[in-house]
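Coordinates in review
What follows is each chain in one-letter form.
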Amino acid sequence: MLIDNKSIAIVGGGPAGLTLARLLQLKGADVKVYERDFNKNARVQGSPLDMHEDSGLEAIRKAGLLDEFKKSFRPGADRALIVNEKAEIFFSDHETKPEEDFGYEHFRPEIDRGPLRNMLLDSLQPETVVWDSHFTSMEPQYEGWILHFKNGTSAYADLVIAGDGANSKIRPYLTDIKPVYSGVIMLEGNVSKQEAPHIDALVKGGKIMAFGNSQNILLGQKGNGDIGFYASFKADENWPAASGLNFSDNTQMLKWFKTEYSEWSSVWEELFENAVTPFIPRLIYYMPFDQTWETRPNLTLIGDAAHVMPPFAGEGANMAMLDALELSEHLTDNHYNTLCEAISSYEQKMRERAAIATRESLENGERMHSETALATMIEFFTTHPD
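Residues numbered from 1 in each chain as written. Predicted model: local features only at pLDDT ≥ 70, side-chain atom pairs only at ≥ 80, totals over all residues. Heavy atoms only, no water.

**Overview of the sheet that holds strand β8 (residues 135–141)**
For clarity, the threshold we go by: Between any two strands, pairing holds if DSSP finds at least two bridges. A run of DSSP states H or I qualifies as a helix once it reaches four residues; a run of E qualifies as a strand once it reaches two. Both are numbered from the N-terminal end. Note on method: axes are straight lines fitted to C-alpha atoms, helices fitted across the in-contact stretch only, with angles between N-to-C directions ranging 0 to 180 degrees.
Ordered by their spatial adjacency, three strands build an open sheet running β8-β9-β10, and the pairing between neighbours is antiparallel. Both outer strands of the open sheet, β8 and β10 (154–157), are each paired with one neighbouring strand and no more. Here the average twist between neighbouring strands, direction ignored, is 25 degrees. Bridging between strand β9 (residues 144–149) and β10 involves four bridges; their strand directions are antiparallel.

**Quick word on the sheet that holds strand β1 (residues 7–11)**
Taken together, five strands build an open sheet; the order of strands is β7-β2-β1-β11-β17 and the sheet is parallel. Each edge of the open sheet is held by one strand with a lone partner, namely β7 (129–130) and β17 (299–301). Judged from the five bridges that link them, β1 and strand β2 (residues 30–34) form a sheet pairing that is parallel. The residue of β2 that forms the bridge with V11 is Y34.

**Let's talk about the pairing of β1**
The following threshold applies: Under the scheme applied here, a residue whose accessible area is under 20% of the maximum for its type counts as buried, over 50% as exposed, and between as partly exposed, the area being computed with a 1.4 Å probe on protein chains only. For crossovers, right-handed means that the path from the first strand over the helix to the second runs clockwise, given strands pointing away from the viewer.
Counting buried residues along β1, five of its five residues qualify, which places the element largely inside the surrounding structure. Of the two faces of β1, both are covered, the one formed by S7, A9 and V11 as well as the one formed by I8 and I10. In this fold, the crossover linking β1 to β2 by way of helix α1 (residues 15–26) has right-handed handedness. Sheet topology note: the β1/strand β11 (residues 159–162) ladder contains four bridges and is parallel. For V11, the partnering residue across the bridge sits in β11 and is A162.

So, in structure tokens, the structure goes:
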């Protein structure tokens, strides 16, 4: 194989990086994952992910982990309600969606990020993940790179794969193309079900999409019962600073919601009044559709580092895990004569499909923040039962 006797460094222990490490180890590769977290319990993992049959689930299947996934996913968590700003239900698939239908093209099982990460970590060889490795810089050495980390350590790798997210510090070593602001901000919050009893009774373990006045609230219940939610709206890129809000002050945040979402029912107020602080304003970016760069034989990108995109099509994590699958196949395919040729083929295909997914995500985002969002999304879910 092209990677025989090559040391591979994956920077970033998210779903893409860990999936890639698993797939490469199945082929006998020498791989390390350098992760900035101090250990696997250092961070509370974010909102649940829905896995798609031909991308995320396909990567899990090829990694030999489908049986483990079935033990960890949350049946019923993919069930959805569409409501208006008054929390009146206009669409529900709670009674019609099958709980488990693996192999069906449109089945999108949900899994919390923590269990997904633990499943992938448990599948790796001991000492694969090097924790407390916050990447700071690297420079060429021999035919590869010497990587430097914040804790003062360094490591050599013949091939570096950047899986370090939307704010990748490795991406600039390959390209100076930067992400573009989409015009949408998602204000993230988290609240326990005990502190939001009305919403808990409505969501029933699934998801809610609420639309009104060109704004929306998107929320889902996690495995521990907590409710993760996003107030999503259009705003200038400097809104977090210009707003003057203290995102750690529930009183301020509730006042903001009642002012900015003035047409929305008081039922939503328990989210803002009782959320665990701080709220996190997430500016939604995307990579240009036509991005390209000169392939290097010792460096490439996966996941958000390669193609950050809006979340409005549920494709981000799935595209990232498909990156892992396709890159592993290219690196271990004897049809390519050189690593540069294999990586170039991967990158070209990856950019093409990521551009399609990004465009879909942006178009969905426009629909979801339009004056006709409620009617549009009801029609979509009615005619696309997946």
